[in-house]
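Spelled out, the chains give:
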Amino acid sequence: MKGKYGIYLILAVLAFIPVSCDHREGAPSIIDIITGNSDERSEEFYKDFLEQFCREHYTDLFRDFTGKRKYVENSLRIDSIRRESQREVTVFGKHDFKGRIIGLPHEEYLFEANIYESKKVEDDFIVTFKKESRRLISGKTYWETGTKTVHYEH
């Protein structure tokens, strides 16, 4: 008799698995969870992606009437990555840049990069790069933001 109830229990649990799984777009299937398969990109992918992005677009994104800032190559460090959806992540970390006035170095400044992979064009990404800055005289911190669509093949 006990074996019969065990089978019913197993069948009941299996029947509720599809109900308990997340069916939003981008959510992993139960098969992906069990097998460990996933389409998630690695931290190394995002590091390479953001390094190239900063080299090519940082100066254009952070330029104003008083001058431009210049990204210091290979200074980007990732602290964490938060997955927002299947196509979107936010990357947090630090980087260095040279300021707009006589190129003074600014080291270990925070950044947040929201990276959204386009549904329409393969290998196109919409990047919103938000960086910490500090006022020269008062020393108060503030954030600057720039957004750009880029094509990136890894």
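What you see is a predicted model, and the numbers here were worked out from it, not measured in a lab.

What counts as what
Residues numbered from 1 in each chain as written. Predicted model: local features only at pLDDT ≥ 70, side-chain atom pairs only at ≥ 80, totals over all residues. Heavy atoms only, no water. Helix = DSSP H or I, 4+ residues; strand = E, 2+ residues; numbered from the N terminus. Buried < 20%, exposed > 50% of the residue type's maximum accessible area, 1.4 Å probe, protein only. Contact = heavy atoms within 4.5 Å. Areas by Shrake-Rupley, 256 points an atom, 1.4 Å probe, with all protein chains shown as cover. Polar contact = N/O pair within 3.5 Å; in protein donor to acceptor, adjacent residues only side chain to side chain.

Draft legend 1. Up close: the overall build of the chain. Regarding its fold elements, the chain presents three helices and eight strands. Sequence-ordered secondary structure for the chain, helices as α and strands as β, is α-α-α-β-β-β-β-β-β-β-β. Buried positions account for 29% of the 154 residues belonging to the chain. Long-range contacts, defined as pairs at least 24 residues apart, comprise 47% of the intrachain contacts of the chain with a sequence gap of at least 6. Split by element, the accessible area of the chain, about 10600 Å² in all, is 54% carbon and sulfur.

Draft legend 2. How the structure looks around the side chain of Ser-133. With respect to the secondary-structure elements, Ser-133 resides in strand β7 (residues 124-134). Within the local environment of Ser-133, its side chain forms a polar contact with the side chain of Glu-144, the two groups lying 2.7 Å apart. Other than its neighbours up to four places away in sequence, Ser-133 contacts Phe-97, Tyr-109, Lys-140, Thr-141, Tyr-142 and Glu-144.

In short, geometric facts, not functional conclusions.
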